[in-house]
Every structure is written in C-alpha cells, then in structure tokens.
Amino acid sequence: MTTIDPMFVATPLEKRNHTIQQLVRTLLLAVALLLVVPALLILGVLVVEGAPGLSWSFLVDPPRSNGAAGGIGLPLLGTLWLTAGALLLALPLGVAAAIYLSEYARDNWLTRTINVAIVNLAGVPSIVHALFGVGAFVHFLHFGKSILAASCTLAVMTLPVVIVATRESLQAVPKAFREACWSMGATRWQTIWRVVLPNSGSGILTGLILCVCRAVGETAPIMFTGAVFLRSMAPQSVFDKTMALSLHLFNVSTQLTDVPHHLPFSVALVLIIVVLALNGTAIAFRMRLRGRKKW
Amino acid sequence: MAEFTHPRTRIARPANDGPLAIEVQDLNLWYGKFQALFEVDLQIKSGIVTALIGPSGCGKSTLLRSCNRINERLGYVTTTGMIRVLGHDIYAPEASRIQVRRQVGMVFQRPNPLPLPIRDNVLFGYRLHHAGRSSRGEEDALVESALREVLLWDRVKDRLHQKATTLSLEEQQKLCIARLLPTKPTVLLMDEPCSALDPAATAAVEDLIWDLRGNYSILIVTHNMAQARRASDECVFMLMGRVVEHSATEDMFVAPQRRETSDYIEGRFG
Ligand SMILES: Nc1ncnc2c1ncn2[C@@H]1O[C@H](COP(=O)(O)OP(=O)(O)O)[C@@H](O)[C@H]1O
Ligand SMILES: [Mg+2]
C-alpha cells in the first residue's frame, strides 16, 4: 500500500494526549530514579569505605580495646539472636491476629478498637517502645535485661506492620475461592488453612521482611532491654545480655575515640549486608510464590 | 437446548457491499513461544453478524483481541500477517492503536461498566476523543441516542446519575455496548457477551445485537450453538488455532463441509 491511510492516523488531540502520556511517564520515572539515588549512594559509600576492612576474622573475632579494634563476631551473633527472637514472636502472633481480623472479626466496636490500636501502635516512636519494654518485660515479667526482653520489645514494635501486611494479603484472596470452599462444606478454619493461607504467603513474607529490617536496625528498643556495649562472651541462653550490631555501630562511631577510619563503615556495611541477605531470601521466596499465582 | 424463540429474518444483503469489515491475511500469533493462531485467513463482511465458534482454547478470543490490537499490552505477544479493517491495515506503522480501538469497539464476557454514573459511562469514550468541553445539550443528545440504540433509555432515563454498577447484569451489558456508540465505531467485537446472563437477558441482548446489525459489522464469539444459529448471518468455525470452515450460518448448520465442524456442532466434542 502506498497511499497514506487516513482512517487510523492519529488526530491532533491524540497526539497531544500522547505527549502528555510521555511527559507523565518521564516524570514518574524521574521520581522513581530519584528515590533510588540516595539508596545507591549510601551503599556505594559504605562499600568504598568499608569493604577494605572486611575479612573473615573481622566477622568472627570478638571486639578488642572496647570495640576500637578487633572484629564484630559477638555483635553480629547478638543481632542474629535478637532478630530470630523477634521473628519467632512477632510472626505467629501477627499472622494469628491478622487471620482473626480478616476472617473472623465482625465489624463491631471491638474490631474497630483493635484496628485503631494497631494503627496507633505503628506510630509509636521506638524510644517509647523501649521504655515500655523496660517496664513490662525487664521489670514486671522479671526477664531482666536479656535477649528475651529485647526480642519481646522488638516484637511488640514490629507487630503492627506484620499484622497489616498479612491482613492485606488475606483480603486480596478473592471471595469466590472462600465461597467455593464453604459451598463444599469446609469450615472457616479449613478454608483458611487450605485455600486462603497458601495464597497469601507473599503478604506474610512482606511482614517478615519489614520485621527483619526493624529488628536488625533499631538501637533504642534494645539498648535498655538487653543489649550492652561490651561483653566478652557469646550469649548462652535467652536470659543473657548480648552485644548487637546496631548498638556497636553507635558505639564505634560516636562513643569511642581512636577508632580506625574504616571501622564504622565496615560495621555499617555488615549491618546492611545482613538485612539484604535476610530480605533477599524472603524476596526470592515471595517472587516464587507470586510467579505461581494465576488469577 | 433452548427452542427457537423467534427465528430472525435475514435480509439478503448484496455481496460486495463496500469494503470488507475485517480482512485477516495469514495471521500467526504467539504468546511468548506458544503459538495460538496459525495462518488465519478470514473475510468478515460489512453490516452483518458473524459468529465465531469453536471449542475452548481454540483461539477465538485471541483472534478477536488481535482485531483491535488489545493483545499488545501484554508485551510478550508476537504477530505476523495482516489485518485490515475497512480496507485499512491496522498494524501499519502510521496506524494509531488508539484510533483502531476507537473504530473497533469491544464488549467483554463479564459486563464491565466503570464505577461511574450511567451517564458518564456512556460519555467516557466520547470524552477521551473529544477536545474541549462539549455543551451539556450535546452530551445529553449523545447519551439519549446511544441508550435508545441499545433499548435502555426508557429504563434508565430517570436515574442517569446512579452508579452503573447498580444496574442488573443485562442492563450493564447493554450499557457496555452503548458506551461504544458515541465514538461511532464501524466494527463491534463481542467475546461471549451473553455467557454471564440468564436466558431472558441473553435473548434481550441477542435481540439488541440483531438490531445493531446493518449499522455496525459485528463479530461475536459464542459457545451457544443455538445462539450462533439464530443470531448470525455467517459462521466461522475454529479449531486449534486455525479457521476450519467459514460459511453462511444456515449452510454450516444444515450441511457442514468438514467432519470436525459437524462433530462440534452436534456436540460430539467441545
Ligand atoms: N494471555 C495469554 N498468555 C498466554 N497464553 C494465552 C493467553 N491467552 C490465551 N492463551 C492461550 O492461547 C490459546 C487460545 O486462547 P483463547 O483465545 O482465549 O481461546 P478461546 O477464546 O477460544 O477459548 C489457549 O491455549 C490459551 O491457553
Ligand atoms: Mg475466550
């Protein structure tokens, strides 16, 4: 065909709309990139400054000279203890609460109260959680200053995000699946266990990711409830005190003098790597779950 | 199977009445690596209803969706071959996807009115393609004529500002047809438009489709043999991504040329 088709040729209006569409797209892309830039810069600086200090012995050796020298074996171990503890507490509780709120709760004053409480809990500053942890876990429940008390505090702090993420993903499972189940005589719990939960794994993993991020990174809630600046022994049980990476970073970068230049960067780099590694695993899982989803 | 309600009169139309509504030449289509359409050649005449039948998964929806380029959004679809609408290549480099979709309207299996007032639903497409604000009177006239054309006006004229999603399914589907009309399309594609409807609603929508015949060229996918038989002029039978038979509806149902066609029509597989 050599003639120009008049029929499907774009009108001036369409060309204008197209321009707007391209503009909006570029703008949105720019904003998205803008958000990535700080993250990449931080990571870049940490890698450049901190990577030379990394070595196997740095990761496993205990700190020496109050932390100004030696490795970060004990803080790293402590952070893993605290994170695991927080996860073990927050995930089951959070998922259970989310299941109740999404699948069982009717819309009454109790439910509304719980929802308001969750939203407010999410907004409480971490230092307030810390003080609550001191009062509730260290003193009232007599856990003392310990991994247990610190993990409990971290768990309370991360519960709201776990609950909200899980509840959203439960509610994203189409109603039709539930009705299909009920219509064949399944109880609510059978429906949840066989159909709803298997299809909301991605939301639960999102909750887990958010939980890990906060548990690994927070300093305030643990420094009054279980973490200490220095300790010469690895924790033997959950009733021991422990060192932690975040607190160690605070220590080497603000409390000590005569610290080698690269040390804080190396500690921070390890902190980020721990978060990325844990989250990377969860994200990989989540992608597999989402890839399987077909509706 | 439902009895014939009332056999529609088929007005004999002169052949070669203007250009073909849709002309498909040697169309192959792949979803990723999976080939869904094989060497499809098809000529859909103007102003009549053509039914597209065949077992599930044979590529009816795929063929339909190729005709207004809505498959492209998926991103992993490759197409070779040519589709012309009223003689114009819709995949030509200078052809705009937007204009193609405006000329070739589509009705989906489940009624999908937008969660807007009835009036805004009818005007939605029109406003997309119309620069500046048109006068209220102009819009009113468009809404009325579109809704009259789909036989909905008397039922909804007093509640044009109500959400379209509150209508019954039948009314919703008619509204979905009505909202295509203000942009003056030439071809209407319908993908099992009645399969979410009850028999009475099906008959009503079928009547409507039959009424629109003449003003629009209609290509309709259906699983309902009775519907294909009573409400189409020509029939296309597809199997595994290929067009097996294309003939006048009466011929196909009375004397199918191919063994597969008669097997399918008589319900021996499907
Ligand atoms: N979006 C898609 N991605 C991948 N494969 C698809 C997609 N849509 C349809 N298919 C495949 O293409 C074939 C034809 O599908 P379709 O056109 O929907 O059939 P029909 O409408 O005749 O039932 C089927 O095998 C189907 O699995
Ligand atoms: Mg289909």
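Calculation criteria
Note on numbering: residues in each chain are counted from 1, in written sequence order. For naming, the first written chain is A and the first written ligand is 1, with later ones following in the order written. The predicted origin of the model limits local features to residues at a pLDDT of at least 70 and limits the giving and counting of side-chain atom pairs to 80 or more, whereas totals for whole chains, interfaces and linings rest on all residues. Heavy atoms from the whole structure form the basis of all side-chain values; hydrogens and water molecules are not counted. Note on definitions. A residue lies near a molecule or strand when any single heavy atom of the residue is within 4 Å of it. In protein, a polar contact requires one atom able to donate a hydrogen and another able to accept it; more generally it is a pair of N or O atoms within 3.5 Å, and residues adjacent in sequence count only if both atoms are side-chain atoms. Reported accessibility uses the Shrake-Rupley method at a 1.4 Å probe radius. Residues are deemed covered only where the shown protein chains occlude them. Secondary structure elements are defined from DSSP: runs of H or I of at least 4 residues count as helices, runs of E of at least 2 residues count as strands, and each element is numbered from the N terminus. Any residue that is not Ala, Val, Leu, Ile, Met, Phe, Trp, Tyr, Cys, Pro, Asp, Glu, Lys or Arg is counted as polar, Gly included; the first ten are nonpolar and the last four charged. Only protein chains enter the accessibility calculation, which uses a 1.4 Å probe. A residue is then buried if its area is under 20% of the maximum for its type, exposed if over 50%, and partly exposed in between. By the convention used here, residues are in contact when the closest approach between their heavy atoms is within 4.5 Å. When two parts are brought into contact, each loses some accessible area as probed by a 1.4 Å sphere; the total of that loss over both is the buried area. The rule for a salt bridge is simple: a side-chain nitrogen of Lys or Arg has to be within 4 Å of a carboxyl oxygen of Asp or Glu. Only when DSSP finds a minimum of two bridges between them are two strands counted as paired. Here, axes are lines fitted to C-alpha atoms. For helices the fit covers the stretch in contact, and angles between N-to-C directions go from 0 to 180 degrees.

A. Layout of the site of ligand 1. Residue and element names in this part refer to chain B. Neighbouring ligand 1 are 13 residues, the closest being G57, K60, S61, T62 and Y76. Here C58 contributes a backbone N or O atom positioned 3.3 Å from an oxygen atom of ligand 1. Taken by itself ligand 1 offers 560 Å² of open surface, and the protein chains cover 65% of this. Of all the elements in the fold, those that place two or more residues in the shell around ligand 1 are β2 (34–44) and α1 (60–66). Per-element tally for the shell around ligand 1: the top contributor is α1, with three residues. Residues of the shell around ligand 1, tallied by class, amount to seven nonpolar, five polar and one charged.

B. Spatial organisation of the environment of A:L43. All names here are of chain A. Relative to the elements of secondary structure, L43 occurs in helix α1 (residues 12–50). For L43, a relative accessible area of 30% translates into the label partly exposed. Each C-alpha atom of the pair L43 and M157 lies 26 Å from the other, and the pair is 114 residues apart in sequence.

C. Layout of the side chain of A:T166. Its location among the elements puts A:T166 in helix α6 (residues 147–171). With near-sequence residues (within four places) excluded, A:T166 lies in contact with A:V95, A:A98, A:G203 and A:I204.

D. Geometry of the interface of chain B and chain A. At the junction of the two partners, chain B supplies 18 residues and chain A supplies eleven residues. Carbon and sulfur atoms supply 64% of the area that chain B and chain A bury against each other, a total of about 1200 Å² over both sides. When residues of chain B are sorted by the area they lose upon contact with chain A, B:H88, B:E94 and B:Q99 head the list and together hold 45% of the total. If you look at where chain B meets chain A, you find zero salt bridges.

E. Looking closely at the sheet that holds strand β10 (residues 242–248) of chain B. All names here are of chain B. Here we have six strands laid out as an open sheet, ordered β6-β7-β8-β3-β9-β10, and mixed in their pairing. Among the strands making up the open sheet, the edge pair consists of β6 (104–107) and β10. With strand direction ignored, the average angle separating the axes of adjacent strands in the sheet is 20°. As paired elements, strand β3 (residues 49–53) and strand β8 (residues 217–221) share four bridges and run parallel to each other. Its bridge partner lying in β8, L52 is registered against V221. Lying on the sheet, helix α7 (residues 199–212) is in contact with β3, β7 (187–191) and β8; it crosses β8 at an angle near 150°.

F. Local environment of the side chain of B:Q99. If you trace the backbone, B:Q99 turns up in helix α2 (residues 97–103). Polar side-chain contacts of B:Q99 include one of 2.7 Å to the side chain of A:E14. Beyond its immediate sequence surroundings of up to four residues, B:Q99 is in contact with A:M7, A:F8, A:V9, A:A10, A:T11 and A:E14.

G. Spatial organisation of unusual backbone geometry. Residue and element names in this part refer to chain B. For L151, which is not a glycine, the phi torsion comes out positive at approximately 60°. Considering the arrangement of structural elements, one finds L151 in the loop between α4 (136–149) and α5 (153–156). We classify L151 as partly exposed; its relative accessible area is 44%. A positive phi angle, near 55°, is found at K184, a position not held by glycine. The topology assignment puts K184 in the loop between α6 (169–178) and β7. The class for K184 is exposed, based on a relative accessible area of 59%.

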